[in-house]
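Architecture and fold: a report
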Amino acid sequence: MSFLKWLVLVMFQFNYIFHLSIAQPEFEFHVCADSNITEFSPNSTYDTNLNTTLSSVSRNMDSFGFYNSSIALNSDTISVIAQCRGDVQLQVCRDCISNATRKILEVCPYKKSAFGYYESCQLRYSNESIIGTVLIINPPNILYSTANASNLNEFMEDVRTLLESLRREASRGGKRKYASNSTAGRLVFQTIYALVQCTADLSAESCSNCLTAGYQTLPNCECYGTIGLRYRVPSCKFQYETSSFFNQLPTEAPPPLSPPPLPSPLPPPPSGEDDKTTRTVIIIIVSTVTVVILVVCISLITMRRRRRKLVKNIQSIHGDDISTAESFQYDFSTIRAATDNFSSDNKLGQGGFGPVYKGTLPNSQEVAVKRLSADSGQGDLEFKNEVMLVARLQHRNLVRLLGYCFDGTERLLIYEFVPNASLDHFLFDPVKRRQLDWEKRSKIIGGVAKGILYLHEDSRLRIIHRDLKASNVLLDEEMNPKIADFGMARLFTLDETQGNTSRIVGTYGYMAPEYAMHGQFSVKSDVFSFGVLVLEIVSGQKNTCFRNGESLEDLLSYAWMNWREETTTNLIDPMLRGSSGMARDIMRCIHIALLCVQENISDRPTMAAVVLMLSSLSLNLPLPSGPAYYTHNDISSEISLIQEYNSRSSGPRELAKSKSISSSHNEASITELSPR
């Protein structure tokens, strides 16, 4: 075992490293407005506004672990309160809130008011202003120990005294509204630990009233007299136990070590040769002290750098916990059995980084297993860290990474299994396409847009997909879209930087011209691919082999020609032309798609603007300019597209010639991840 691995394992033996460092995947408890009523529809304006608002909460938490906002969007109001427990570190807090903002939409789908609670944090939102108001649910959430105190009256008197002192402290506690402490009980060798907290938006009086209401429930509760209790409502909480369960509040760093004082000067020698001896002694002493000071300073600097490097390695493991990383790792024998030894009968497809197989785990869960190439250029620890980063990216419109496996040269990624295969299996099949009415196609367009927006702006890592296409959009049992093959760049060593790559992997027709020709990529590269995908969804035709009568045309050229001639309805799939009342929505999607595929990068909208344009029919759209690759009447050769772009591009052709361009068919994406 390497020294670094050993040191990481030793560090994690200490409680202060991992205590409360990860939010549980399931809420400890949650409350939805009305579990039997759907209060707003999917892809509605409120749905979009709520997703947009919640996605920004975690990164806007203040240094005290608190966030509140009340925003009026169109005719809707969205009020949010998020808070972490007062003893939780800020990064752990943000991770917990990030988890909560995703989980609340799963457990309370399409509710205009909801509350979710983790041990480390809590989240509440509503369509009414909730800031500064006390909410006490009935009944409250109370958990308690099964063991009773040996001397009930004395024990509860000690608890009452401690809680009342903490109530006073928390009420005037500023932005944290938090207090914790312990007291020596009257029984021998017994210490009582307790914490209390209110949401920081409450006034001192409101906080005190909320906690008082909680204290008053205890005498009438069957929990009275137990040696441990947790009381929780949306606006306040308190907890007491007979063992320590909270961390000390963060304290300021200690001042730097002062150099040792210089020794007092020696008394002057009598005279003569003693002067030389004295001078020599002084020089030796001063030199020794100077060296000691330098050694101490260098040691402190080295220790600080090592500590930072260690923390980065620790934090790169999902949720700052090695045990979590290990829980994501599957045995190779398990995966081999699940896929029937990677049987060809279970093969779902072939990607750029290896084949994909369907598997069934021992618990009957179906999974999709991507068997990666033998050499990714990374060691085991680095590979594990990168998988943990990608696994943290979770959104309803992204295929979820469940775990990984490596055994020797074998490296596997285990994803959730999406039963309806990919969008291209439906969209380009003359029979299956009939299942895609405009309602389903519109839902797919909106879902893909939200998924890409999450990757671009709302995830903890900035993701540029760079191979968005119909075959990388999977459909679940309800035909909801899930984007696949994102986040693969960190698993492979490629010669690339943030905005430029010398190895281009993608699919012609979907690739933005600046990326295909010069390897320059940005979020606008994905916007271009999204625009092409929308045109395919509307027309039901592939972008590079659009059939117009007896001839084949470039889909972008055909769309632009019909736009200019005001015959855009020619582009619509004949199966959709009979959709009553949908013509306006379809034409608007074509308009947005043409804005996305404009040749000038700066003219293309961001995905945030695209989501807004799709959700707000009242928003006026600008007129598009000509798309990239336009003027084609014959697309018999992909090279013609390259030559045309080079002939009109102001960039140096030498760079384009030096690029290695690979055309991918159902190939894994190459993604750039940038920590925010």
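Above this text sits the structure in question.
Residues numbered from 1 in each chain as written. Predicted model: local features only at pLDDT ≥ 70, side-chain atom pairs only at ≥ 80, totals over all residues. Heavy atoms only, no water.

1. Examining the overall build of the chain
Cut-off, in case you're wondering: Helix and strand definitions here come from DSSP, where helices need a minimum of 4 consecutive H or I residues and strands a minimum of 2 consecutive E residues; each element is numbered from the N-terminal end. Burial here depends on accessible area, computed with a 1.4 Å probe over protein chains only, as a share of the maximum for the residue type. Under 20% is buried, over 50% is exposed, and the range in between is partly exposed. Residue contacts follow a heavy-atom distance rule, with two residues in contact if any of their heavy atoms lie within 4.5 Å. Using a 1.4 Å probe, accessible areas were evaluated by the Shrake-Rupley method; residue-level cover was limited to the displayed protein chains.
For the chain, the count of helices and strands is 19 helices and 23 strands. Scored against the burial criterion, the 676 residues of the chain give a buried share of 50%. Taking as baseline every contact in the chain between residues at least 6 positions apart, the subset at least 24 positions apart corresponds to 70%. Carbon and sulfur atoms provide 52% of the accessible area of the chain, an area that totals close to 32000 Å².

2. What about the nonpolar core?
Formally: Throughout, nonpolar core names a set of buried Ala, Val, Leu, Ile, Met, Phe, Trp, Tyr and Cys residues whose side chains join them through atoms within 4.5 Å.
Counting 73 residues, the largest nonpolar core has L423, V448 and F530 as the members making the most contacts within it. Formed by 31 residues, the second largest nonpolar core is a distinct cluster that contains L202, C207, L211 and V233.

3. Considerations on the pairing of strand β9 (residues 229–233)
As a reminder, the rule being used: At least two bridges found by DSSP between two strands is the condition for calling them paired.
Among the five residues in β9, four count as buried, and that is most of the element. Both strand β6 (residues 141–144) and β9 contribute to a ladder of four bridges, which runs antiparallel. Following the sheet pairing, N141 is matched in β9 by R232. Across five bridges, β9 lies against strand β10 (residues 236–241) in antiparallel orientation. The partner of V233 across the bridge, within β10, is C236.

4. A closer look at helix α3 (residues 45–55)
Judged by how many residues are buried, α3 sits mostly within the fold: nine of eleven residues are covered. All of the buried residues in α3 are Y46, D47, T48, N49, L50, N51, T53, L54 and S55.

5. Looking at the state of the cysteines
Worth spelling out the cut-off: Any two cysteine sulfur atoms lying within 2.5 Å of each other are counted as a disulfide.
Following the criterion strictly, the structure yields six disulfides and no others. The partner cysteine of C32 in its disulfide is C108, sulfur to sulfur 1.9 Å. Between C32 and C108 the sulfur-sulfur dihedral comes to about -80°; the bridge is accordingly left-handed. Of this pair, C32 sits in strand β1 (residues 29–32) while C108 is found in the loop between α4 (90–107) and β4 (113–117), placing the two residues 76 residues apart along the sequence.

6. Concerning the packing of aromatic side chains
Both the distance between ring centres and the angle between the ring planes are used here to describe each pair of aromatic rings. Spelled out, the test is: Stacked, tilted and edge-to-face are the three classes applied to pairs of Phe, Tyr and Trp rings, where Trp contributes its six-membered ring and a pair requires centres within 6.5 Å; stacked means planes under 30 degrees apart, edge-to-face means over 60, and tilted covers the rest. Any Lys NZ or Arg CZ found within 6 Å of a ring centre and within 35 degrees of that ring's normal is scored as a charge over the ring.
Summed over all chains, the structure comprises twelve aromatic pairs. Measuring from ring centre to ring centre gives 4.8 Å for Y231 and F238, while their planes differ by 15°; the resulting arrangement is stacked. Under the relative-accessibility criterion, Y231 is labelled buried at 1%. Using a relative accessible area of 1% as the deciding quantity, one classes F238 as buried. An aromatic cluster is present here, built from F29, F115 and Y117 joined pairwise through their rings. The ring of Y46 has K112 lying over it, and the distance from NZ or CZ to the ring centre is 5.0 Å. Sitting over the ring of F342, R371 keeps its end group 4.0 Å from the ring centre.

7. A closer look at the sheet that holds strand β8 (residues 191–198)
This is how the line gets drawn: With axes taken as lines fitted to C-alpha atoms, and helix axes fitted only over the stretch in contact, angles between N-to-C directions fall between 0 and 180 degrees.
Reading across from one edge, β6-β9-β10-β8-β7 is the order of the five strands in this open sheet, with antiparallel pairing throughout. Since the sheet does not close on itself, it has two edges, and those belong to β6 and β7 (178–184), each with one partner. Strand-to-strand twist of the sheet, defined as the mean angle between neighbouring strand axes without regard to direction, takes the value 10°. Packing against the sheet, helix α5 (residues 152–171) makes contact with β7, β8 and β10, and its axis sits at approximately 35° to β8.

8. Notes on the packing of helix α14 (residues 523–539) against helix α16 (residues 583–596)
Packed helices, taken two at a time, are described by their axes: the angle between them and the distance between them. As a reminder, the rule being used: The scheme is simple: roughly parallel for angles under 35 degrees, roughly antiparallel for over 145, roughly perpendicular for 65 to 115, oblique for anything else. Note on convention: near helix rotated counterclockwise from far helix by under a right angle means a left-handed crossing. Clockwise means right-handed.
Interaxial distance between α14 and α16 falls to 8 Å at its minimum, and their mutual angle equals 150°. When the axis of α14 is compared with that of α16, the two are roughly antiparallel. Two packed elements cross with a definite hand, and for α14 against α16 that hand is left-handed. The segment α14 lies against α16, with V527, F528, F530, G531, V534, L535 and V538 engaging I586, C589, I590, A593 and C596.

9. Observations concerning the packing of helix α12 (residues 438–458) against helix α17 (residues 607–615)
Heads up, the condition is: In this classification, Asp, Glu, Lys and Arg are treated as charged, Ala, Val, Leu, Ile, Met, Phe, Trp, Tyr, Cys and Pro as nonpolar, and every other residue, Gly included, as polar.
For the pair α12 and α17, the least separation of the axes is 9 Å and the interaxial angle reads 150°. By the angle between their axes, α12 is roughly antiparallel relative to α17. Judged by the sense of rotation from one axis to the other, the crossing of α12 with α17 is left-handed. Contacts from I445, G446, A449, K450, I452, L453, H456 and E457 of α12 reach α17 at M607, A608, V610, V611 and L614. Counted by class, the contact of α12 with α17 contains nine nonpolar, two polar and two charged residues.

10. So, the pattern of salt bridges
Rule in force here: By definition, a salt bridge exists where a carboxyl oxygen of Asp or Glu is found within 4 Å of a side-chain nitrogen of Lys or Arg.
Per the counting criterion, the structure on display carries 21 salt bridges. Across the pair K450 and D47 runs a salt bridge, and its minimum N-O distance is 3.4 Å. Taken together, the residues K450 in helix α12 and D47 in helix α3 connect sequence positions 403 residues apart. Assessed through its relative accessible area of 13%, K450 is described here as buried. Residue D47 is classed as buried on the basis of its relative accessible area of 3%. Several salt bridges converge on common partners, so that one network encompasses E28, R85, D87, E119, R230, R232 and E241.

11. Here we look at the environment of V418
Tracing the backbone shows V418 in the loop between β15 (410–416) and α11 (423–427). For V418, a relative accessible area of 7% corresponds to the buried category. Residues V418 and V399 lie 19 residues apart in sequence; the distance between their C-alpha atoms is 7.9 Å. In this structure V418 touches V399, L474, L475, D476 and K482, once residues within four positions along its chain are discounted.

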